[in-house]
Amino acid sequence: MLAGGRKRKGMRAKKGGKGEGGSRLSTALPLALLPAKELLAEPAGGMRSAALRCKITEKAKKSLASLKRENPRVEPTLAIIQAHNDHSIQDINKNFAKEIGLHVIHICLPEGSSKDEIVNEILRLNEDPNVQGLALDLPESLYSSKVLNAVKPEKDVDGLSSVNLGRLVHGDAYNCLVPPTACAVMELLEDLGGKTVLLVGISGAVGAALQCMLQREGAVTVSCQWKAPQLQTKLHHADVVVVGSTKPDDVPVSWIKPGTTIISCSRDLLSEKHNYGAPDHQAAENAVGSLAVAMRMQNMVKTTEQWIQSQQYRKWNLRCLKLQPLSPVPSDIEISRAQSPKAVDVLAKEIGLLTDEIEIYGQTKAKVRLSLLERLKDQPDGKYVLVAGITPTPLGEGKSTVTIGLVQALTAHLNINSFACLRQPSQGPTFGVKGGAAGGGYAQVIPMEEFNLHLTGDIHAITAANNLLAAAIDARILHENTQSDKALYNRLVPVVNGVRGFSAIQLARLRRVGINKTDPGTLTEEEVSRFARLDIDPSTITWQRVVDTNDRFLRKITVGQANTEKGFFRQAQFDIAVASEIMAILALTTSLQDMKERLGKMVVANDKKGEPVTAEDLGVTGALAVLMKDAIKPTLMQTLEGTPVFVHAGPFANIAHGNSSVLADKIALKLVGETGFVVTEAGFGADIGMEKFFNIKCRASGLVPSVVVLVATVRALKMHGGGPNVTAGAPLKKEYTEENLQLVADGCCNLQKQIQIAQLFGVPVVVALNVFKTDSVAEVDLVCKIAKQSGAFDAVPCNHWSAGGGGAVKLAQAVEKAARQKNSFKYLYSLELPIVEKIRIIAQKVYGAQDIELSPAAQSQVDRYTRQGFGNLPICMAKTHLSLSHQPERKGVPTGFILPVSDVRASIGAGFIYPLVGTMSTMPGLPTRPCFYDIDLDPITEQVKGLF
């Protein structure tokens, strides 16, 4: 009863003091339902609240059980942040949670924790994907707007944030969480129409929520504090009194008329007891308080349901960007700068990414976490399209431009979800001679200068990892050459804090060399030697240092010339960074675990017995994985028309497999949905990049392509038909600027050959003809006619360079139709075939060679790899991209040649054997006039100039 109200055990508020303020909001739940008649509480009130509690608890229990059955990987979890020393409430919550099948985490902070410390913990739990609900149990002084609104509205099970309260006030009951206190009060009250309800000592979110809910039930609400003027009058006229704090002693019960219903909302949920009358009312009080806790659990069920819904595939709500193409077409960088890209977090939300699945880099780039693959693993993949080209010429064909133009057409003009997946360009060619790879004209990735320069640092991570391994090789040779077995072993397995122990990677090496021991002190002298010595043969080292710069003077170097290296010098070289096997691994890996295993398998040399030495043997696998842990995540960007792009990995196609990452493709295929399209690009001609895409990348990913888009230009076909050589910077000769149907017809032999190569794999082909203003209608029609006659599903002229996605709509329509065709995809060769036979199949069926010829060194390597157990790997041919043959000057379709294989090497971590055809350089050089002559930075605006 109200009379004689006394402070409960452990009450922190002083009598008549804190009672004037608002209640302790997050845990202010009703503890008593007391009619004032004869100043006694009716047991029926407690009995009714207990029945309601049981009903709500049972409903929550059944709902959670159903959610778990349908989503067995979900463990609904409520986190409660506590910042006081009363731990009794922990047991209450745990008991309720256990009853309904809910997992509860208590975070107990020190009693004197500041608001900032509380907020920091809230923010951490906000981003924890394993926590669906978050509640606060704090001293009253910490309940500020800053703290309450730090909780994500969707995790706010106590409904105290301004967002949830605003939704409640605006009638959006479905999307809001209501304070459990308010819910409990409303459950206990009936027939409120026309009644006057007085709220005493209740403020903040709970008070506002109660007023809103009571008024919707037709009640007249009045709110005041205990010290308010005319309190006696207000109490006398009230039909229902809801109190939220301790009654001061100077407020007598006689102020309340008989028959008034009184509900007490305790300041401290269940850790304290408050008695408003006779001492035999505790049972009723506890039962009512339990109702409020049950309401919190009911909110928890709702947050879990909404969380599960948020994890499902989301329909895109993409806002495309408008283009206003100019004529003549400005430079690529001018076009890029003229468009205002969307903020990348906005783009991510539009395509169904969750906030905890992206890591933002600036305004326009974000890494996407691999956790998305687990979330959407049951989502069907979209259609998979590969863009390839005819044999490249200095005139360019525009594969990247077609890739971007196609996705812009699909999404911005045909309203079909699509994703472009591109390789990250090396900075070597960017500052050298080739330029960037962001597409061009009105079909490009923006901001193009960020795309073409550092991006998110993946290539730098590869460089660091590659060179760490190179340093480990030479350092190990030095230390083994200058130390005895015992000294070497003692340094490899040192005593730390009086204890000597093997690291995890050293235990793995012990098992590989056949030593089944874990105690370092038990190894015999022979076992010590076998474990500690790798005995690397320096002449067999295949692992080179790398740098992402075209530097011809690093093609052959000498390392170890300083006196400190004690005369152990050797010849070595630098490769361009994207030629590193780690880049190939990044492009082919399917998970962090898979990447780590591949890194460990990398063979860097042979020992003096001819056995392979790996990164795992050197003990560096874990360190390499750490350096690559962020690089494994694809980078999200956008096209000029605001459609999504993944940029990830960038292996060259002539010296590696030349495709963007498997992971980017897999994530994109989930995001576009079953009817969407993922468009990726293979480097150089179809004979190079496409062949490796099918035989290497598709084997690694298990993905099946739907369509091949084969890119050609009239000008490039004229060169294949016998047109004159082109000199960089010189005006084009008339053969390329005037109509010449014969040259076009003769050059179409290369297009026909590339169509035939695609047909070897059973995939339908659509030819995309990039149109230039110098092309005549007759020339364009002739190419399309020959392409269709040669087996292409369709051949379409494209103008996306000058018109954006609108210039590739017909191409997009043709690709959509081709994707519906029967697909009989197959690999070109069986992995079980001998290495030489697999090389021969590629040479004869793809390149058109009469046969192959292996040098003695190449044959020796084939024999070695076969003996070492690597014979069942696919083949990655390293040859010139400028001809179907090994001779760059031979255009068109050379025949009758013998393909010379000068050497054979292995990328065991990446998972392929790569034969070297002719002389292949893995380090480009700078030309007489590199691109960097035109590149500059405006010191005022900080804008990059001259980048294409």
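Everything that follows concerns the structure shown earlier in this document.
Because the structure is a prediction, the values reported are computed rather than measured.

(A) Focus on the environment of Gln 759. Tracing the backbone shows Gln 759 in helix α27 (residues 741–760). Classification of Gln 759 by relative accessible area gives partly exposed; the value is 34%. Separated by 15 residues in sequence, Gln 759 and Val 744 have C-alpha atoms that sit 22 Å apart. Not counting chain neighbours up to four residues away, the residues in contact with Gln 759 comprise Ser 790, Gly 791 and Lys 826.

(B) Structural view of the packing of α27 against helix α28 (residues 777–789). Interhelical geometry of α27 versus α28 gives an angle of 30° and a closest axis separation of 10 Å. α27 and α28 meet at a crossing whose hand is right-handed. Listed contacts from α28 to Leu 741, Val 744, Ala 745, Cys 748, Leu 751, Gln 752 and Ile 755 of α27 are Ala 778, Glu 779, Leu 782, Val 783, Ile 786 and Ala 787. Taken together, the residues of the contact of α27 with α28 break down into 11 nonpolar, 1 polar and 1 charged.

(C) Region of interest: the nonpolar core. By size, the foremost hydrophobic cluster in this structure holds 141 residues, and its most contacted members are Phe 419, Leu 469, Leu 636, Phe 646, Leu 671, Phe 694 and Leu 751. The contacts of Leu 469, once residues within four sequence positions are left out, are Trp 543, Met 602, Val 604, Ala 615, Leu 618, Val 620 and Leu 624. Counting residues in hydrophobic clusters, the runner-up holds 71 residues, among them Leu 52, Met 186, Val 197 and Leu 199.

(D) Quick look at the packing of aromatic side chains. Counting across every chain of the model gives 12 aromatic pairs. Centre to centre, the rings of Trp 316 and Phe 419 are 6.2 Å apart; their planes meet at 80°, and the pair counts as edge-to-face. With Trp 316 in the loop between α9 (282–311) and α10 (332–338) and Phe 419 in strand β12 (residues 418–422), the pair connects residues that are 103 residues apart, well separated along the chain. Residues Phe 502 and Phe 531 carry aromatic rings whose centres are separated by 5.5 Å and whose planes lie at 65° to one another, so their mutual orientation is edge-to-face. In this pair, Phe 502 is assigned in the loop between β16 (499–500) and α18 (504–512) and Phe 531 in helix α19 (residues 525–532), connecting sequence segments 29 residues apart. Of the residues examined, Phe 502 reaches a relative accessible area of 12% and is grouped as buried. Note on Phe 531: relative accessible area 3%, which makes it buried. In textbook terms, an aromatic cluster arises when at least three aromatic residues are bridged by ring pairs, as seen for Tyr 384, Phe 693, Phe 694, Phe 761, Phe 825 and Tyr 827. In this arrangement the basic side chain of Arg 699 is found over the ring face of Tyr 827, its NZ or CZ atom lying 4.2 Å from the centre. Seen from the ring of Tyr 847, Lys 879 lies directly overhead, with NZ or CZ sitting 4.7 Å from the centre.

Rules behind the numbers
Residues numbered from 1 in each chain as written. Predicted model: local features only at pLDDT ≥ 70, side-chain atom pairs only at ≥ 80, totals over all residues. Heavy atoms only, no water. Helix = DSSP H or I, 4+ residues; strand = E, 2+ residues; numbered from the N terminus. Buried < 20%, exposed > 50% of the residue type's maximum accessible area, 1.4 Å probe, protein only. Contact = heavy atoms within 4.5 Å. Axes fitted to C-alpha atoms, helices over the stretch in contact; angles between N-to-C directions. Left-handed = near helix turned anticlockwise from the far one by under 90°. Nonpolar A, V, L, I, M, F, W, Y, C, P; charged D, E, K, R; others polar. Core = buried A, V, L, I, M, F, W, Y, C linked by side-chain atoms within 4.5 Å. Phe/Tyr/Trp six-rings, centres within 6.5 Å; stacked < 30°, edge-to-face > 60°. Lys NZ or Arg CZ within 6 Å of the ring centre and 35° of its normal.

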